[in-house]
Amino acid sequence: MRMSWARVARGLAIAAGAVAYPVLAHFSTATSAATTLPSLGVAVSLAPSLAILLWLTWRSPRRLLMLLLCVTVAGLLGLFWGALQRNFSWVYFLQHAGTNLMLAAVFGATLLRGRQPLVTRLAETVHRTRLAPEVLRYTRQVTLAWTLFFLATALVSSALFCCASKEAWSVFANFLSFPLILLMFALEYAVRLRKLPDLEKHSIMDGVRAFWNKPATLPDTSSNSH
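Numbers given to residues run from 1 along each chain, matching the order in which its sequence is written. At least 70 in pLDDT is required for a residue's local features to be given in this predicted model, at least 80 for side-chain atom pairs to be given and counted, and no such filter applies to totals for whole chains, interfaces and linings, which use all residues. Calculated side-chain values reflect all of the structure's heavy atoms, with hydrogen atoms and water omitted.

Caption draft 1: Local environment of helix 4 (residues 63–79). Secondary structure follows DSSP: runs of H or I at least 4 residues long count as helices, runs of E at least 2 residues long count as strands, and numbering of each begins at the N terminus. Under the convention used throughout, the expected extent of a helix is 1.5 Å for every residue step, that is, one less than its residue count. Relative to the 24 Å expected for 17 residues at 1.5 Å per residue, helix 4 spans 24 Å between its end C-alpha atoms, a close match to the ideal helical length. In what follows, residue pairs with any heavy atoms lying within 4.5 Å of each other are defined as contacts. On its buried face, helix 4 sits against helix 3 (38–59) and helix 5 (81–109).

This is how it looks when you write it as structure tokens:
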């Protein structure tokens, strides 16, 4: 029961953070707070990167070295705090566009000759079997679709940041990006039901859990054609 309550509390904290962060990011970027509370903008914009650094420090076997890195980062932040206050919107932009470019690269790199498309690997891991040729074609197409989606998101983010108002960019980056990802999942699922109606149904989380926790050992049959 204690573990159950701990999981509920952790889930609620994650949900609260997922709601609070884009609201605070928009408030600090696209309202008068950008000039009246620049320190808030710096703190919120750096929060994800600093949280990842602290998590890596906690999990690292070389904790003393990681603590030294944290102290160094803290010193650099103190040294350049004024510059960050004047340019923290660039931190938001680089995080948003950079994350989408990185995801496009991760998906796109698996489409190169001799590589297995990422969605194909996820599907094989979940189904624990070799996939039929039509499924292989479909999963390759889905990998390409996600590559183009993340690339388009990065390009739109860049265009809005450079050519439109900060308000327009912030609405897209903070409030529309995640719903667009959910819409992409929904559209892919609808297309899959139509093109592959007989394929066993699995959620995306089944694929993620299987991929990260314990990749399946596939039977040694004929090799896949990509």
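Having seen the structure, we can now continue with the description.
Caption draft 2: A look at the confidence of the model for the protein. Per-residue confidence for the protein gives a mean pLDDT of 87, with 87% of residues at or over 70. Counting interchain partners and residues more than four positions distant, the pLDDT-below-50 stretch residues 214–226 has 24 contacts. You can read pLDDT as the predictor saying how much it trusts each residue, on a scale of 0 to 100.

Caption draft 3: Main features of the environment of Asn174. Inspection of the secondary structure assignment puts Asn174 in helix 8 (residues 166–195). C-alpha separation for the pair Asn174 and Tyr21, spaced 153 residues apart in sequence, amounts to 8.5 Å. Every residue in contact with Asn174, bar those within four places of it in the chain, is listed here: Pro22, Ala25 and His26. At 2.8 Å, the side chain of Asn174 forms a polar contact with the side chain of Ser170. Within 3.5 Å is the distance limit for a polar contact, defined as a pair of N or O atoms, with the added protein rule that one can donate a hydrogen and the other accept it, and that residues adjacent in sequence qualify only through two side-chain atoms.

Caption draft 4: Up close: the packing of aromatic side chains. Geometry of aromatic contacts follows a simple scheme: Phe, Tyr and Trp rings, the Trp one being its six-membered ring, pair when their centres are within 6.5 Å, and the pair is stacked under 30 degrees between planes, edge-to-face over 60, tilted otherwise. In total, this model carries 11 aromatic pairs according to the counting rule given. For the pair Trp90 and Phe93, a centre-to-centre distance of 5.8 Å together with 85° between the ring planes defines the contact as edge-to-face. Taken together, the positions of Trp90 and Phe93, both in helix 5 and three residues apart, correspond to about one turn of that helix. Every member of this aromatic cluster is reached through a ring pair, and the members are Phe107, Trp146, Phe149, Phe150 and Phe185. By definition here, charges over rings are those cases where NZ of Lys or CZ of Arg is within 6 Å of the ring centre and within 35 degrees of the ring normal. For Arg63, the ring lying beneath its charged end belongs to Trp58, and the centroid distance is 4.8 Å. When the ring centre of Phe161 is taken as origin, the NZ or CZ atom of Lys166, which lies over that ring, is 4.6 Å away.

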